[in-house]
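Observations on the model geometry
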Amino acid sequence: MTTIVNYTQQKRDEDDDMSLADIMSLRISSPSPMEEKNDWAVQNELYYKQIQSSYYQLQYLQQQQMLMMMNSSQSRRSSTVSSSSSSTTTSHYRYKKSRQPPPLSPSSLSSKPQQHYPLSPSSSNSSSSTHNRTSMVETPKRRQSLGKRIKKVFGMTVELPMDTASTKMTSPTKSPVILSMPNSPNSSISSIKPRHHRRYNDINQLPSSPASSTVSTTSFNTNNTNNTNTSASTNKKKKCVSFNSVIKLHETFSASDYDRRCDTSATCQKLTPVLALKIKEELNNYKLNEMFVHLDSRQNTHFFISFLGSVLGKKRSLDSDEEEQGVVSKKQKLNENIVHRIKVSHLPERDISLVKKYFKSLGYNRFNKGPTWSYALITLDSEAQAADAVRTINQITYKGQKLVAEYAPQTETDVRENSARKGKKKGKIMIAEEDDHRTPDEKLADQVTPLWKVDYETQLVKKNRNSIKQLVALKRKIAELKNVRDESQIDWAYEKGALPCEVLDPIGSPVTEGYRTKCEFTIGYNLDREPTVGFLLGLYRDGVTSVLEPSACLNVPDVAKKIAAVMNEYIRKSDLPAYDRVEKTGVWRTLMTKTQSTGDVLILVQIRAADLTAERLQQEKENLVKFWNEESGVNVTTLVFQVWDGSSNGMTDKAPIEVLSGNGYIHENLLGNRFRLSASAFFQVNTPATEILYAKCAEWCAIDPTKKTTLLDLCCGTGTIGITMAKSVEHVIGIEMVPEAIVDAKVNAELNDIKNVTYYASKVEDKINVVTDAVNEEVIAVLDPPRNGVHASVIRAIRDAKHISRVIYISCDSKQAIDNFIALCRPTSNRFRGMPFKPVRAVTVDLFPHTEHCELMVEFVRVEEQEEEEEEEKKEEEEA
Ligand SMILES: C[S@@+](CC[C@H](N)C(=O)[O-])C[C@H]1O[C@@H](n2cnc3c(N)ncnc32)[C@H](O)[C@@H]1O
């Protein structure tokens, strides 16, 4: 769609002196046809805004043109001044949506008869309405002679080919104002055409695309017209300027045509930090020194902040002028990049995650809860996107509430400061970059083992406190549940005290250093761009790609550090490059070690082979076998290999693992049992602490030797928990989603002469029937899921299976497990049938010294059993 805007300049008369401010104030004093929105404007807001923006740009051009003329004429002040009639300028506008824009060229425009387009059907052909609107702002003073003032101050003549005596609005069809400069016959406005003008003309020459319409601005026309009204005093040919009377809105490419974020070959995908900085500096330089920016608009020019310091100069120290520093920081803020955010209010009180999911489904992925859950913030890439989102969200009624969205942009500094404040609240140590004097090794240690400076006792207290926090939350959340059918099911939650159950003293790890049996090292480049095996210093998702050797990491065992160092030497000598995570090129990607208490060592080398021939790949495998088995000095039990050309980092289950030497397996001992483990199977990383955890688990299962018991080992990995308890129960059922782990589990059962086990290689939620069908005199479920817990359907199945009397839940992230805990304990409802469970004891077991992680084990028992027992006891008491 194309919209045409016509305008005709209108005269004003005033007889006093003309100042620069007066000229500049034309923009303010000239009545804008945009000041009132009619129906069409409301319905076509985008075009309305485009027209509005074009209008202001046009006005700006007029002012610039006049100023330039004045400047050039001031230098010729001594020349003759011609008399002129009083006149002034203003504009008259009419709009109409047009199907086809008339062809525009600077020359054709000036000679074309003026066309008029009503802003809306209702205002069609209503020149008087436009007139009235204009007249409302027009004052007699404003209508004084601009021409006379220009003549007086700058020695130019203004001629108006219309009735200059009238103070009324003249016909919109009248010709534009013509400024003449009698004493400069050779001067031509076009010869001093500023950058802006050229740019706008260039836009006019752009081929239009069929995509959505966006604004370009008016073509700007300067004519050296043969004017018939020659000055009496000079009788010379006059130089005239006329402004183009048409604003044309071109159709151009849509935002999606410009968006190349998915295009991997686009330059923006390949920017290194140094190149990005260079580009930013070039842009800053251009904006600062070359770009033509109107005085009033300078405050809106954005500069990339890193450059600003060198432009604005360093802060003065001590007795420096505080006010000036304030100005600098204000300037910095003004010029800083803006984070385009919208604030969404009237969200439902609960269900944050559901709301988040809902907004994700609408394409708003960067969704953050506000400091309170009365609103949320959505971040977008541009102001235009934000405006679009505001419009969309304001039309949504979600769960009966009409959502309210408003644009709430923030500077990057503000966002960083807010998150720093948030971090402080959460107890995280936030160090500003300039105050960070840590060595790279210390930074890495802080990242990998954040509690390494805290004594171990204190670490345990801290971890226990975190576990208790979740237990307290469990009790509170259950007690706060509404519409409870049978409150007696959750009596325990209404009891006095914050704790829901007995909490045992935390159990520490017998080994606190070098305990990790499994380490996954990244191969990349260190801070000096040397190939290195170690850990990423920072998060890759934050754009960090430097790799540091693991020597400073307390939890990495010496044998793993040695393997990493040996591999380091190997790749530095290799003719193949390390993998570059930015360019996505290179070969060496990841090194994984499994170093067990048995002395077994598994090494896995992952490479990118896209650039290698089959022969070269084969040769490198042979090199590796020779090196690790004969030259490395490491006693390697098995060497395995993975080719991974995809973009995800770290080990993957999407590519096969090839055994290069040994049989692909290693062994570990736990509580007197022997376990085989493969490269991809899960196995606890701290063997001595795991033994304590499993022994405690067996103790709490309290298997009654007089009863036939089934043990459900849900998320069983290589079968460790079930196998360590198998001899005391009738039957063990293990369910695990990694098939290789189940293969290991079956072998492990055989290795330990266990015959009463059945394994399923499946997700637990897909084997609900196995859970519900496992009937016996006593059924106990041990749940040892990953960090985010199990699917709610698994909890529902456990509740539905009346025969399950006890659940031992082992969680490595109690905060994430809370939803499972609540689902297990909430009273019966349509969604959660079956009697609930209640917590009876809990203990923190530390498997990960110097990190924030630990295991929380909670014993839950079926409420039904307890209630019946109590009733029986009561009856007995009454009878007695
Ligand atoms: C924390 S590990 C515990 C493994 C085992 N209990 C042990 O101690 O060695 C969690 C295990 O759950 C498995 N897992 C994750 N999601 C699962 C699901 N939905 N169904 C079954 N197993 C799952 C993982 O593969 C992993 O082996």
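To continue, consider the overall build of the protein. Counting its secondary structure elements, the protein contains 27 helices and 29 strands. Here the protein holds 880 residues, and the buried ones make up 48% of them. Roughly 44,200 Å² of accessible area belongs to the protein as shown, and the carbon and sulfur atoms make up 50% of that amount.

A word on the UniProt feature "binding site: S-adenosyl-L-methionine" (unreviewed entry) in the protein. When the UniProt feature table is mapped onto this chain numbering, "binding site: S-adenosyl-L-methionine" (unreviewed entry) sits at Gln684, Glu736 and Asp784. Checked against the element boundaries, Gln684 lands in the loop between strand S22 (673-678) and helix H21 (687-701). Gln684 sits in the buried class, given a relative accessible area of 6%. With sequence-adjacent residues up to four places away left out, Gln684 is seen in contact with Thr517, Thr690, Tyr694, Asp784, Leu847 and Glu855. Relative to the helices and strands, Asp784 is located in the loop between strand S26 (778-783) and helix H25 (792-800). Assessed through its relative accessible area of 13%, Asp784 is described here as buried. Ignoring any residue separated from it by four or fewer positions in sequence, one finds Asp784 in contact with Gln684, Leu714, Cys715, Ile721 and Ile810.

The next thing to look at is a nonpolar patch on the surface. There is a patch of nonpolar side chains on the surface, built from Leu275, Ile279 and Leu283 and spanning about 220 Å² of accessible area. Here Leu275 is to be found in helix H10 (residues 273-290). Since its relative accessible area comes to 38%, Leu275 is described here as partly exposed.

Glancing now at the side chain of Thr844. As for its placement among the helices and strands, Thr844 is situated in strand S28 (residues 837-845). Within the structure, the side chain of Thr844 is placed 2.8 Å from the side chain of Ser467, a separation counted as a polar contact. If we ignore the near neighbours within four places in the chain, the residues touching Thr844 are Lys463, Asn464, Ser467, Pro506, Ile507, Cys854, Glu855 and Leu856.

Quick look at the site of the ligand now. Around the ligand lies a shell of 18 residues, among which Tyr694, Cys715, Glu736, Val764 and Asp784 are the nearest. Between the ligand and Glu736, the relevant distance is 2.6 Å, taken from an oxygen atom to a side-chain nitrogen or oxygen of the residue. Glu765 has a polar side-chain atom sitting 3.1 Å from a nitrogen atom of the ligand. Look at the ligand: alone it shows 590 Å² of surface, and the protein chains cover 90% of it. Partitioned by chemical class, the residues of the shell around the ligand number 10 nonpolar, 4 polar and 4 charged.

Right, let's get into the pairing of strand S21 (residues 665-670). Here is the key point about a regular strand: its side chains alternate between the two faces of the sheet. Taken together, the 6 bridges between S21 and S22 define a ladder with antiparallel strand orientation. The residue bridging Asn669 from the neighbouring strand is Arg674, located in S22. In this structure, the hairpin formed by S21 and S22 is closed by a connection of 2 residues, where Leu671 is found at a positive phi of approximately 45°.

The next thing to look at is H21. For H21, with 15 residues, the first-to-last C-alpha span of 21 Å sits near the 21 Å given by 1.5 Å per residue. Considered for burial, the residues of H21 that qualify are Thr687, Ala689, Thr690, Leu693, Tyr694, Lys696, Cys697, Trp700 and Cys701. Among the residues of H21, the N-terminal cap falls to Asn686, whose side-chain oxygen and the backbone nitrogen of Ala689 are separated by 3.3 Å. Just past H21, the residue Ala702 takes up positive phi, approximately 40°.

This part is about the packing of aromatic side chains. Under the definition given, this model contains 10 aromatic pairs. A centroid spacing of 5.2 Å and a plane angle of 75° characterise the contact between Phe627 and Trp628, whose relative ring orientation is edge-to-face. On the basis of relative accessible area, Phe627 is assigned to the buried category, the value being 11%. Trp628 gets classed as buried once you look at its relative accessible area, which sits at 0%. When the centroid spacing of 5.4 Å and the interplanar angle of 55° are considered together, the rings of Phe821 and Phe860 count as tilted. Highlighted residues: Phe821 in helix H26 (residues 814-825) and Phe860 in strand S29 (residues 855-862), separated in sequence by 39 residues. For the pair formed by Phe821 and Phe860, the shared burial category is buried.

Its place among the elements puts Lys594 in strand S17 (residues 588-595). Buried charge Lys594 goes without a salt bridge, the closest partner of opposite sign being Asp744 at 7.2 Å. Among the polar contacts listed, one links the side chain of Lys594 to the backbone oxygen of Ala679, at a separation of 3.1 Å. Looking at Lys594, its side chain comes within polar contact range of the main-chain oxygen of Ala681, at 3.0 Å. Residues within four places of Lys594 in sequence aside, it is in contact with Thr517, Lys518, Asp600, Val601, Leu602, Ile666, Leu677, Ser678, Ala679 and Ala681.

For the rest of this paragraph, the subject is the sheet that holds S28. Reading across the sheet, the 8 strands line up as S13-S28-S29-S27-S26-S23-S24-S25 and stay open at both edges, with mixed pairing between neighbours. Of all strands in the sheet, those with a lone pairing partner are strand S13 (502-503) and strand S25 (757-761), marking the two edges. Taken together, the 6 bridges between strand S27 (residues 804-811) and S29 define a ladder with antiparallel strand orientation. When the bridges of S29 are listed, Ile810 appears paired with Met857. Helix H23 (residues 739-751) rests against strand S24 (731-736) and S25 of the sheet, and its axis sits at about 170° to S25.

Time to look at the UniProt feature "coiled-coil region" (unreviewed entry) in the protein. UniProt marks residues 464-491 with the feature "coiled-coil region" (unreviewed entry), using the numbering shown here. In residues 464-491, the share of helix is 61% and the share of strand is 0%. The end C-alpha atoms are 25 Å apart.

The next point concerns the packing of H25 against H26. Direction vectors running N to C along H25 and H26 enclose 25°, while the axes themselves pass 9 Å from each other. Between H25 and H26, the angle is such that the two are roughly parallel. As H25 packs across H26, the resulting crossing turns out to be right-handed. Of the residues in H26, those touching H25 at Ile795, Ile798 and Arg799 are Asn820, Ala823, Leu824 and Cys825.

Cut-offs used in this document
- What you see as residue numbers is a count from 1 along each chain, following the sequence as written.
- For this predicted model, a pLDDT threshold of at least 70 governs which residues receive local features, and a threshold of 80 or more governs which side-chain atom pairs are given and counted, while totals over whole chains, interfaces and linings are taken from all residues.
- By convention in this description, side-chain values take in all heavy atoms of the structure and omit both hydrogens and water.
- Secondary structure follows DSSP: runs of H or I at least 4 residues long count as helices, runs of E at least 2 residues long count as strands, and numbering of each begins at the N terminus.
- With a 1.4 Å probe rolled over the protein chains alone, any residue whose accessible area is under 20% of its type maximum counts as buried; one over 50% counts as exposed, and the rest are partly exposed.
- Only the protein chains shown count as cover for residues, with accessible areas throughout obtained via the Shrake-Rupley method and a probe of 1.4 Å.
- UniProt positions are given in the numbering used here, feature names are shortened, and annotations may be inferred rather than shown by experiment.
- Contacts between residues were defined by any pair of non-hydrogen atoms, one from each residue, lying within 4.5 Å.
- Patches in this entry comprise residues that are over 30% relatively accessible and not in a salt bridge; like charges within 9 Å are linked, as are nonpolar side chains (Val, Leu, Ile, Met, Phe, Trp, Tyr) within 5 Å.
- In the sections that follow, a salt bridge refers to a side-chain nitrogen of Lys or Arg positioned within 4 Å of a carboxyl oxygen of Asp or Glu.
- The term polar contact refers here to a pair of N or O atoms within 3.5 Å; inside protein, the definition further demands a hydrogen-donor-capable atom paired with an acceptor-capable atom, and it admits residues adjacent in sequence only when both atoms are side-chain atoms.
- A molecule or strand has a residue near it when one of that residue's heavy atoms lies within 4 Å.
- Residue polarity is assigned by list, with Asp, Glu, Lys and Arg as charged and Ala, Val, Leu, Ile, Met, Phe, Trp, Tyr, Cys and Pro as nonpolar; anything else, Gly included, falls into the polar class.
- Strands are labelled as partners when DSSP assigns at least two bridges between them.
- Here the expected length of a helix is defined as 1.5 Å per residue gap, with one fewer gap than residues.
- Ring pairs are drawn from Phe, Tyr and Trp, using the six-membered ring of Trp, whenever the two centres fall within 6.5 Å, and their geometry is named by plane angle: stacked under 30 degrees, edge-to-face over 60, tilted for the rest.
- Positive charges come from Lys and Arg alone, negative charges from Asp and Glu alone, with His and the N- and C-terminal ends not counted.
- Helix axes use the C-alpha atoms of the stretch in contact, all axes being lines fitted to C-alpha atoms, and the angles between their N-to-C directions lie in the range 0 to 180 degrees.
- Note on angle classes: values under 35 degrees are labelled roughly parallel, values over 145 roughly antiparallel, values of 65 to 115 roughly perpendicular, and the remainder oblique.
- Crossings are sorted by hand: turned counterclockwise from the far helix by less than a right angle, the near helix makes the crossing left-handed, and turned clockwise it makes it right-handed.

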